Structure formats: structure tokens, C-alpha cells
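Notes for the structure review
Below, each chain spelled out in residue letters.
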Amino acid sequence: MEGKMLQELMTEPKNITFREVDIPKTGPDQVLVKIKKIGICGSDIHVYHGTHPYTSYPVTQGHEVSGQIVEVGEYVKDLKVGQKVTIEPQVFCGRCYPCMHGKYNLCEKLKVMGFQTTGTASEYFAVDSSKVTPLPDSFTYSEGAMLEPLAVTIHAAKRFPDLKGAKAVVLGCGPIGILLVQSLKAFGVAQVLATDISDGRLELAKSLGADFVVNTMKEDYATKLVEAFGVDKADVVYECAGTDITMDQAIQNARKGSTIILVAVFGKKANVDLAKLNDSELDLNTSMMYRHEDFVDAIKFVSEGKIKLKPLQTAFFPLKDFQKAYEFIDNNREKTMKVIVNVDPSEE
């Protein structure tokens, strides 16, 4: 395909421009995707504010994405024109120890589209076929653009091996926290307690599967934890807020010998009580992005109706209003879940 297309470019924090560039040529192992929707996540917001430690400018954003294949390279056999797809945005070397052992999400030279390499915020995007995951026809493009953050929570959930029948806590009910609540229930967790400081977010968490909710600005977390689960408390605690306060809540109130999983990205070095962590012999685990099997699980659970994405879709903006989308988020932080950029507004 030949011609020109519009591409977003963040030249510096809080300054988004657009440029007209050539539609990229499709390599023999690539497909050309007509981009439909792009989600904005917390890491994108850090880039917008100039606080992301691993992103330089200028940068074209876009890593939560859906689109339609419009061209297929000559060596590509398992994908076809017309398919709905999402793109897995990790760029990995394939040669380091983690890559050679199936953990390419931990690649020693990992780059992510929209941060360290060019993202998808343009009308068309050429990408290696290995990074493309087909979507069921039943999916909307808006749902497709939310599979990436859902894969994050699927991967995080599975970092605890005994989910069936477990009791779990999710600290922080932003988009990741609420998607994690749903993911845990989809995997068979018996009960989930979710915390936040926003009643609105807690109400949404409750409507999407949380059995108990606690506003930690108004209620004592330690007391409510025992009221919900009894003196044995939770089997696993997922930290999704990324603050010293919530990490301290996790450590101080965990059942001895239980597990804490860090999902959130801390913006600075944490100040936590490692002595208490040691004294309680707590397993402190972490979760980093996802792998392809997490996208497969995400598609399965959405298809089965076990995870709902539409309730988290807060607002939509056309591509040329990318900056207005960020301004909306800044002005409506407490009420905003997922803001989606309509690269192709003709599609749902």
C-alpha cells in the first residue's frame, strides 16, 4: 500500500504534534495493520508528564491497540487480510537467558513500542507477524485495545499458583486493579477484597466481582480484612497502587507465611519494612508485563463473559485530539478508568 498517513509525535512532555509520513512498507514477515483504537495507560501518562524514567523524546506512543490487517507479507501464512487483531508491543532480543528460557517479557534488552521504539499511534502500522494476535469477530475494536492491560493482570494473577478457591486482596482499584479483580474471579478465586480511596472506583470493583470493598481513607483496613476473611486473612495480596502506604498495609497485615505480589510500578524507591517481611516469612513476588499465553487467556475469558471490558471505558477522543485526551485524564483522575483514542472513529 502506498500513500501518506497521519502519525502522532510527542516532542516533549505535554506537547503532542502530528506529522504526515509515508505509509510503511510491509516486509515479507510482516503485516500492515490499519489502526482502529489505542488505549492510554498510566505509563503513557508518565511519559506525558515527563516522569517516565525509560522514555526519551520525541516518541510516537501507542501500545494498547487494535486494528485490522490490510496487507500481508509474502512469508506470512497464518494471518489474512480483514482479520481483527491486537499487537503485543514487546521488542525482545531472543538470545539472552530469559528469552532462551521462554521468559521474553524479562529480556535483558527489552524495549516496548511507544516508549523505547515507535508506537502504533498512526493510521497504519507495519509489524512482525509474530507480534500479532487475532481477535474473535465478536470483539469490538475497543475491547481489542484493552487486551494488553488485561494481559498484564492475567499474568499477575498467575504469579500465585494456587488460585482455585483462594482468598485474595487487591490493593488499589485503578484500571489494572479492577481488571485484576475480574481476572482472579475468572481463575476461580473464591473471594476478593478490594481497597481504594475512591468510593466510585470501589463501587465499580464491587459491580465487577469484588466480594468486599474497603475505602482505606474512611475504614481501618486491618479490621475490615479480618471481618471479611476471618483471623486467617488472605492467601495472597496483590499491590496495585504503587505507594509506600499500600505496600506497608500489605506487609503489616498479611498472614504469616502468605504471599504478596507487586503489580504496580513504583515511581521512586520504596521505603518498606523488610524486617516485618522477614519476621513473617512472607513471599514477596513481582509481575512484569505478560507473554502470549496471557493474551490467549484474556481473549478466552472475555469471550466467555467472565471479564467485562466495556464498563471500564470512560471516554473516547479522535486521533487529532490526543492531547485533549491527556488533559481530560488530568482533570478527571478519580472518575477515569480507560480513555481510548479513536484512530478510526467509524468503527466501534
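Here the structure is a predicted model, which means the values were calculated and not measured.

We now examine the nonpolar core. Counting residues in hydrophobic clusters, the biggest one holds 81 residues, and the most contacted among them are Ile40, Leu147, Leu150, Leu184 and Tyr238. For this core, the element with the highest residue contribution is helix 4 (residues 147-157), accounting for seven residues. The contacts of Leu184, once residues within four sequence positions are left out, are Ala157, Leu163, Ala168, Val170, Val189, Val192 and Tyr238. Leu193, Ala234, Ile251 and Leu277 belong to the second largest nonpolar core, which has 18 residues in total.

This part covers helix 1 (residues 42-49). All of the buried residues along helix 1 are Asp44, Ile45, Val47 and Tyr48. Taken down its axis, helix 1 places every buried residue within 155° of arc, on the same side. For helix 1, the secondary structure elements touched by its buried residues are strand 1 (4-12), strand 3 (30-40) and helix 11 (322-331). A positive backbone phi angle near 75° is found at Gly50, which sits one or two residues after helix 1.

For Leu135, the location among the structural elements is in the loop between strand 9 (132-134) and helix 3 (141-144). Expressed as a C-alpha distance, the spacing of Leu135 and Val85, which sit 50 residues apart in the sequence, is 5.1 Å. The residues touching Leu135, leaving out its near neighbours within four places in the chain, are Lys84, Val85, Thr86, Gly144, Leu147 and Ile299.

A separate point is helix 10 (residues 292-303). With 12 residues, helix 10 ought to run about 16 Å at 1.5 Å a step, and its terminal C-alpha atoms sit 17 Å apart, in line with that. Of the positions making up helix 10, those classed as buried are Asp294, Phe295, Asp297, Ala298, Ile299, Phe301 and Val302. Count one or two residues on from helix 10 and you reach Gly305, which has phi positive near 80°.

This brings us to the packing of aromatic side chains. By the definition in use, this model includes seven aromatic pairs. When the centroid spacing of 5.1 Å and the interplanar angle of 85° are considered together, the rings of Tyr290 and Phe295 count as edge-to-face. Note on accessibility: Tyr290 and Phe295 belong to one class, buried. Relative to Phe328, the ring of Phe317 has its centre 5.6 Å away and its plane inclined at 55°; by these criteria the two rings are tilted. Residue Phe317 is found in strand 16 (residues 313-318), and its partner Phe328 is found in helix 11; the two are separated by 11 residues along the sequence. Take Phe317: its relative accessible area is 15%, and that puts it in the buried class. Every member of this aromatic cluster is reached through a ring pair, and the members are Tyr48, Phe322 and Tyr326. Its end group placed over the ring of Tyr141, Lys36 keeps NZ or CZ at 5.5 Å from the ring centre. The cationic tip of Lys84 hangs over the ring face of Tyr141; the distance from NZ or CZ to the ring centre is 5.1 Å.

As a further point, take the sheet that holds strand 13 (residues 236-239). Ordered by their spatial adjacency, six strands build an open sheet running 12-11-10-13-14-15, and the pairing between neighbours is parallel. Of all the strands in the sheet, the pair left with one neighbour each is strand 12 (212-215) and strand 15 (283-286). Taken pair by pair, the neighbouring strands of this sheet meet at an average axis angle of 20°, ignoring direction. Relative to strand 15, strand 14 (residues 259-262) is paired through four bridges, and the arrangement is parallel. Residue pairing for strand 15: Leu262 is matched across the bridge by Thr286. Together, strand 11 (191-196) and strand 12 form the strand contacts of helix 6 (residues 199-207), whose direction differs from that of strand 12 by roughly 175°.

In this section: unusual backbone geometry. A cis amide bond, omega 0°, links Tyr57 with the succeeding residue Pro58. Mapped onto the elements, Pro58 comes out in the loop between helix 1 and strand 4 (64-72). Of note in this structure, Lys233 is not a glycine but carries a positive phi near 55°. Along the chain, Lys233 falls in the loop between helix 7 (221-229) and strand 13. Notably, Met289 is not glycine yet its phi reads approximately 55°, a positive angle. Here Met289 shows up in the loop between strand 15 and helix 10. Judged by relative accessible area, Met289 falls into the buried class, the value being 15%.

Rules used throughout
- Residues numbered from 1 in each chain as written.
- Predicted model: local features only at pLDDT ≥ 70, side-chain atom pairs only at ≥ 80, totals over all residues.
- Heavy atoms only, no water.
- Core = buried A, V, L, I, M, F, W, Y, C linked by side-chain atoms within 4.5 Å.
- Buried < 20%, exposed > 50% of the residue type's maximum accessible area, 1.4 Å probe, protein only.
- Helix = DSSP H or I, 4+ residues; strand = E, 2+ residues; numbered from the N terminus.
- Contact = heavy atoms within 4.5 Å.
- Arc of directions from axis to C-beta.
- Expected span 1.5 Å × (residues − 1).
- Phe/Tyr/Trp six-rings, centres within 6.5 Å; stacked < 30°, edge-to-face > 60°.
- Lys NZ or Arg CZ within 6 Å of the ring centre and 35° of its normal.
- Pairing = 2+ DSSP bridges.
- Axes fitted to C-alpha atoms, helices over the stretch in contact; angles between N-to-C directions.

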